[in-house]
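Each chain, letter by letter, is given below.
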Amino acid sequence: MIRFFENVGQIARLIMEAFYHIVRGDVEFKNTTQQMVALGVRSIPLVLIINGFTGMVFSLQVAQEMKRFGAESFIGQLLGLAVIRELGAVLTGVVVAGRAGSAIAAELGAMNVTEQIDALKAMATSPVQYLVVPRVIACMIMVPALTVFAHLIGMTGGYVVATNQVGIIPMVFYQSSIRAINIYDILCSLVKAAVFGIIVAIAGCYHGLNTTKGAQGVGTATIAAVVSSMIGIFISNYFLSALMW
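Remember, it's a predicted structure, so these values are computed and weren't measured experimentally. (Residues numbered from 1 in each chain as written. Predicted model: local features only at pLDDT ≥ 70, side-chain atom pairs only at ≥ 80, totals over all residues. Heavy atoms only, no water.)

### Some details on the pattern of salt bridges
As enumerated under the stated definition, the model contains five salt bridges in all. For E107, the salt bridge is made with R135, and the minimal N-O distance between the two is 3.1 Å. Here E107, found in helix α4 (residues 75–113), pairs with R135, found in helix α6 (residues 127–165); they are 28 residues apart in sequence, far enough to count as distant. Relative accessible area serves as the criterion here: at 37%, E107 is assigned to the partly exposed category. Judged by relative accessible area, which is 2%, R135 ranks as buried. (Salt bridge = Lys/Arg side-chain N within 4 Å of Asp/Glu carboxyl O. Helix = DSSP H or I, 4+ residues; strand = E, 2+ residues; numbered from the N terminus. Buried < 20%, exposed > 50% of the residue type's maximum accessible area, 1.4 Å probe, protein only.)

### Structural notes on the packing of helix α1 (residues 2–24) against helix α8 (residues 183–209)
Closest axis-to-axis distance for the α1/α8 pair is 11 Å, and the angle between their directions is 115°. In terms of crossing hand, the pair formed by α1 and α8 is right-handed. Residue-level inspection shows N7, Q10, I11, L14, I15 and F19 of α1 in contact with α8, the latter providing I198, I202, C205, Y206 and L209. Among the residues making up the contact of α1 with α8, the classes are represented as nine nonpolar, two polar and no charged. (Axes fitted to C-alpha atoms, helices over the stretch in contact; angles between N-to-C directions. Left-handed = near helix turned anticlockwise from the far one by under 90°. Contact = heavy atoms within 4.5 Å. Nonpolar A, V, L, I, M, F, W, Y, C, P; charged D, E, K, R; others polar.)

### Some points on unusual backbone geometry
In this model, E115 sits at a positive phi of 65°, which is unusual for a non-glycine residue. Here E115 lies in the loop between α4 and α5 (116–122). Classification of E115 by relative accessible area gives exposed; the value is 54%.

### Brief notes about the environment of L240
Here L240 is to be found in helix α9 (residues 214–244). The exposure class of L240 is buried, given its relative accessible area of 16%. It is 8.8 Å that separates the C-alpha atoms of L240 and C188, two residues lying 52 residues apart in sequence. If near-sequence neighbours (up to four positions away) are discounted, L240 is found in contact with K192, V195 and F196.

### Some words on the confidence of the model for the chain
Summarising the model, the chain shows a mean pLDDT of 88, and 100% of its residues fall at 70 or more. Ranking the elements of the chain by mean pLDDT puts helix α7 (residues 170–180) last, at 81, and α8 first, at 93. (pLDDT = per-residue confidence, 0-100.)

### Considering the environment of V90
Take V90: it is sitting in helix α4. Judged by its relative accessible area of 9%, V90 falls in the buried class. In this structure, the C-alpha to C-alpha distance between V90 and A224, residues 134 residues apart in sequence, is 19 Å. In this structure V90 touches F196, F234 and N237, once residues within four positions along its chain are discounted.

What follows is the structure, given as structure tokens:
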């Protein structure tokens, strides 16, 4: 229990210090841009593949059952609610946690065990400002941006399967989707995605900065960062969904 509350306190301190530098404007813009490319832009193919096929599978399963009961008009509505409210943001967060969260933990962990973090402190440079803040900002911006792509490809994949493989009338699918989706749902989904991005960045940075025991510790920190990110995403998703809807 003592160790648990120590970890909670360290994470809270890391979050407060990171946002303190962000509010003050102590941001390395060049480093932040590089992290946005590395953590966000390069995750686009994975996000498109995973969300596209998820929308296709969801549409395939739901459309067949709805067609049996003559409820084709609800297919687009169900897919829209599932993708916009839940699947888009959650799956994108999981993808970023697996790809970017592990990369953050491994990079910072390697820097820690090779004493590069101590070198930054010796030069009077804050590791949080120089290393953590750019990654937090990058994830906080890029995960919502990736979620927009996830929404589009998920709905497109579901539309293609429903209209071509199951035989749903395109206009019926379109009108059903439009009735279900509104601006509030989209904005709430992007807010959730931003929270997921912060969770991924903080988990990766925390475990990376607290890496010990050499190369073995780097591997352990990487695994811990991914697991912590995913747990945090699913737990926060429930409370955010209950609060928003």
